[in-house]
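# Observations on the model geometry
Each chain, written out:
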Amino acid sequence: MKVFHGKSVFSGTAIGTIRVYKKGEQQVKRIRIEDTESEIKRYRKATQAAQGQLKKLYEKAVKEVGEANAAIFEIHQVMLEDGDYQDSIENMICTQNVNAEYAVAQTADNFARMFSAMEDEYMRERAADVKDISERLLTVLHGVDETNMHTASPAIIVADDLAPSETVQLNKDMVLSFVTVHGSLNSHTAILARTMGIPALVCAPLPLDETIDGKYAAVDGTNGVIYVDPDKETLERMRKKKEEEKKRAELLLTLKGKENITLDGHKIMLYANIGSMKDLAAVLENDAGGIGLFRSEFIYLENDRFPTEEEQFAIYRFVAQTMAGKRVIIRTLDIGADKSCDYFQLEKEENPAMGLRAIRICLTRPEIFKTQLRALYRASAFGKIAIMYPMITSLEEIRKIKEIAAQVKDELESQGIRYNEPEQGIMIETPAAVMISDLLAEEVDFFSIGTNDLTQYTLAVDRQNMALDEFYDPHHPAVLRMISMVVDHAHKAGIWAGICGELGSDTSLTKEFLAMGVDELSVSPGSILPIRQIVLQTDAGAYRAGLEAGCYRNKDTQ
Ligand code: PEP
Ligand code: MG
């Protein structure tokens with residue numbers, strides 16, 4: 001048995017025969033061309049043919065993985081027609097008297113190198129796309145059929161790397177898993193794999209030769225391992241794992257696509273919390289109704305300098321487009337306390353959890369705030385973005401936020417930049433915000449209760465201090481009463497209220513939240529279906545009556 005470790009793109013177990021996939025080597029020779037005009041015509045014809053292929057791929061992908069994930073093939077169509085890309089190829093043909101294949105290959109190299117050197121992650125990812133479209137052109141120019149990845153029987157596909165266009169061509173029924181030697185977890189290929197629900201690994205250092213081709217193997221997508229020629233014991237363990245996964249999946253499958261509605265007709269929104277674009281696949285996979293909390297500060301934490309407006313815009317737009325019209329609540333940066341960032345050059349504080357953090361930084365350093373708001377407003381033109389502000393304690397803060405947002409909108413308008421009017425919400429995570437939530441509710445479109453901080457500030461227990469774990473009790477009646485109060489105030493003002501702190505995924509409280517009338521729970525993607533299961537089995541009205549009669553443990557909340 002040989003064991004190879006990689007990075008997991010999608011969990012799950014696959015057992016079967018390996019098929020090593022090698023791309024048709026595109027040997028590109030430099031040939032001197034006298035009739036450059038005809039060569040340019042040949043290149044343009046190839047572009048048209050490639051466009052036709054991409055159009056078909058797009059239609060296939062829309063059916064199989066949805067519009068948002070198919071968008072990459074539209075992007076490829078646009079890239080093929082990109083003026084700089086085309087000029088580079090045609091100029092090379094004309095000025096260097098070279099064949100179209102050579103000009104395409106050279107241009108692909110130059111552009112891919114240029115994209116790879118960019119700081120913006122989104123742009124860096126485009127390097128793979130430039131290579132992909134150029135390979136497509138080369139295939140057409142060579143007069144070869146499109147890469148054929150059909151297998152006669154289901155197999156584990158092992159490849160050096162897979163382009164998005166190759167991944168989408170995989171016949172799902174014939175592919176048990178795919179494992180690549182290279183490839184990024186953030187690539188569109190990875191996103192497509194997750195959406196398709198195929199166990200997959202990248203960065204697994206397998207030899208792409210006869211030593212593995214045709215061999216029996218087991219892929220453990222959860223732990224990122226592939227066992228080639230597994231021994232009896234490993235095979236048995238993997239078979240059991242697969243059986244358990246099947247049972248679990250069957251159970252969850254029955255809940256997918258169902259409305260989150262209680263027995264007595266109370267509907268609730270079940271959204272997902274994410275920290276980066278990487279989490280989007282899990283969001284889709286678990287049937288989230290939207291994103292209830294995108295912790296945007298992680299974009300800042302991953303950098304060693306302020307992320308630019310363009311970098312942020314690319315990320316927010318991508319998330320909005322991927323969610324294809326579903327609500328995406330992006331929280332403005334919540335830096336400070338445990339989430340410290342050197343380049344903000346904040347003074348060292350005695351008590352950082354109660355210090356200069358979150359909205360306080362934004363309001364005292366509006367230039368940072370404005371950059372983020374500009375990116376958010378611009379991205380709002382590409383989906384249903386809502387903006388949420390953390391650590392609110394006063395009406396004055398809301399007034400200042402609105403002033404800055406108005407300036408940002410004026411600027412965008414004067415520059416002719418499109419935006420939509422994103423909903424404006426606030427986190428309720430300080431006792432002050434709870435106590436004036438009736439007033440705050442008049443100023444915003446929604447509330448999201450941050451029970452992690454609300455617990456720490458209400459109980460005066462540092463959430464970072466492990467020694468205080470036994471005192472950190474989000475089930476404390478004070479916290480639960482606050483949640484109930486916030487929901488009531490929200491409803492009186494005609495807005496909705498949700499929970500995005502960890503308590504939202506505590507299934508021992510789901511019935512109670514429903515009884516309180518909580519409108520939304522935003523939880524880690526994997527918690528969505530288990531909560532849906534409880535929602536479907538709950539009679540919220542009866543549970544509320546039981547609470548009022550003191551039947552349940554948390555009667556103190558009423
Ligand atoms: C919270 O405080 O409950 C919350 C959701 O925000 P964070 O955990 O990021 O502080
Ligand atoms: Mg918080």
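The preceding data block contains the structure.
Residues numbered from 1 in each chain as written. Chains lettered and ligands numbered in written order. Predicted model: local features only at pLDDT ≥ 70, side-chain atom pairs only at ≥ 80, totals over all residues. Heavy atoms only, no water.

## Looking at the overall build of the chain
Along its length, the chain carries 21 helices and 16 strands. Rg of the C-alpha trace for the chain: 27 Å, near the compact-globule value of 24 Å for 558 residues, within the 12% margin. Along the first, second and third principal axes, the C-alpha set of the chain runs to 85 × 65 × 45 Å. Within the chain, the proportion of its 558 residues that are buried is 53%. The average position of the 65 basic charges and that of the 86 acidic charges among the side chains of the chain differ by 4 Å. (Helix = DSSP H or I, 4+ residues; strand = E, 2+ residues; numbered from the N terminus. Rg over C-alpha atoms; globule rule 2.2 N^0.38 Å. Buried < 20%, exposed > 50% of the residue type's maximum accessible area, 1.4 Å probe, protein only. Lys, Arg positive; Asp, Glu negative; His and termini not counted. Charge placed at Lys NZ, Arg CZ, Asp CG, Glu CD.)

## Observations regarding unusual backbone geometry
Its identity is not glycine, yet D287 carries a phi of approximately 65°, on the positive side. Mapped onto the fold, D287 is located in the loop between α9 (280-285) and β10 (291-295).

## Let's talk about the site of ligand 1
What surrounds ligand 1 is a group of 14 residues, the closest being R295, R331, G450, N452 and R463. In the environment of ligand 1, an oxygen atom lies 3.1 Å from a nitrogen or oxygen atom belonging to the side chain of K339. Interatomic distance of 3.0 Å between a backbone N/O atom of D453 and an oxygen atom of ligand 1. Contact with the protein chains removes 98% of the 290 Å² of surface that ligand 1 exposes when unbound. Put simply, the parts of the chain that give the shell around ligand 1 at least two residues each are β10 and α17 (451-459). The leading source of residues in the shell around ligand 1 is α17, at three residues. In the shell around ligand 1, the residues fall into three nonpolar, four polar and seven charged. (Near = heavy atom within 4 Å. Polar contact = N/O pair within 3.5 Å; in protein donor to acceptor, adjacent residues only side chain to side chain. Areas by Shrake-Rupley, 256 points an atom, 1.4 Å probe, with all protein chains shown as cover. Nonpolar A, V, L, I, M, F, W, Y, C, P; charged D, E, K, R; others polar.)

## Some thoughts on the packing of aromatic side chains
Enumeration over the complete set of coordinates arrives at 10 aromatic pairs. Ring geometry for F306 versus Y343: centroids 4.7 Å apart, planes at 80°, classification edge-to-face. Here F306 is found in the loop between α10 (297-301) and α11 (309-322), whereas its partner Y343 is found in the loop between β11 (327-331) and α12 (359-364), with 37 residues between them in sequence. For F306, a relative accessible area of 31% gives the class partly exposed. Each member of the aromatic cluster is reached from another via a ring pair, and the members are Y300, F306, Y343 and F344. Its end group placed over the ring of F313, R378 keeps NZ or CZ at 4.0 Å from the ring centre. Sitting above the plane of the F382 ring, R418 keeps its charged end 5.4 Å from the centroid. (Phe/Tyr/Trp six-rings, centres within 6.5 Å; stacked < 30°, edge-to-face > 60°. Lys NZ or Arg CZ within 6 Å of the ring centre and 35° of its normal.)

## With respect to the sheet that holds strand β13 (residues 423-428)
In space, the eight strands of this closed barrel follow the order β9-β10-β11-β12-β13-β14-β15-β16, with parallel pairing throughout. The sheet shows a mean angle of 25° between the axes of neighbouring strands, taken without regard to direction. Contacting β9 (269-274) and β16 (520-523), helix α20 (residues 528-537) runs over the sheet at an angle of about 160° to β9. (Pairing = 2+ DSSP bridges. Axes fitted to C-alpha atoms, helices over the stretch in contact; angles between N-to-C directions. Contact = heavy atoms within 4.5 Å.)

## Section: the sheet that holds strand β1 (residues 2-5)
Read across the sheet, eight strands follow the order β1-β8-β7-β3-β4-β5-β6-β2 without closing on themselves; strand pairing throughout is mixed. For this open sheet the edge positions go to β1 and β2 (7-10), each flanked by a neighbour on one side alone. Put simply, the sheet's adjacent strands are angled 30° from each other on average, direction ignored. Where strand β4 (residues 155-159) and strand β5 (residues 175-180) come together, five bridges link them in parallel fashion. Across the sheet, I156 pairs through a bridge with S177, a residue of β5. Relative to strand β3 (residues 13-21), helix α8 (residues 232-253) is tilted by about 115°, and along the sheet it contacts β3, β7 (216-220) and β8 (225-228).

Function cannot be read off these values alone, since they describe shape.
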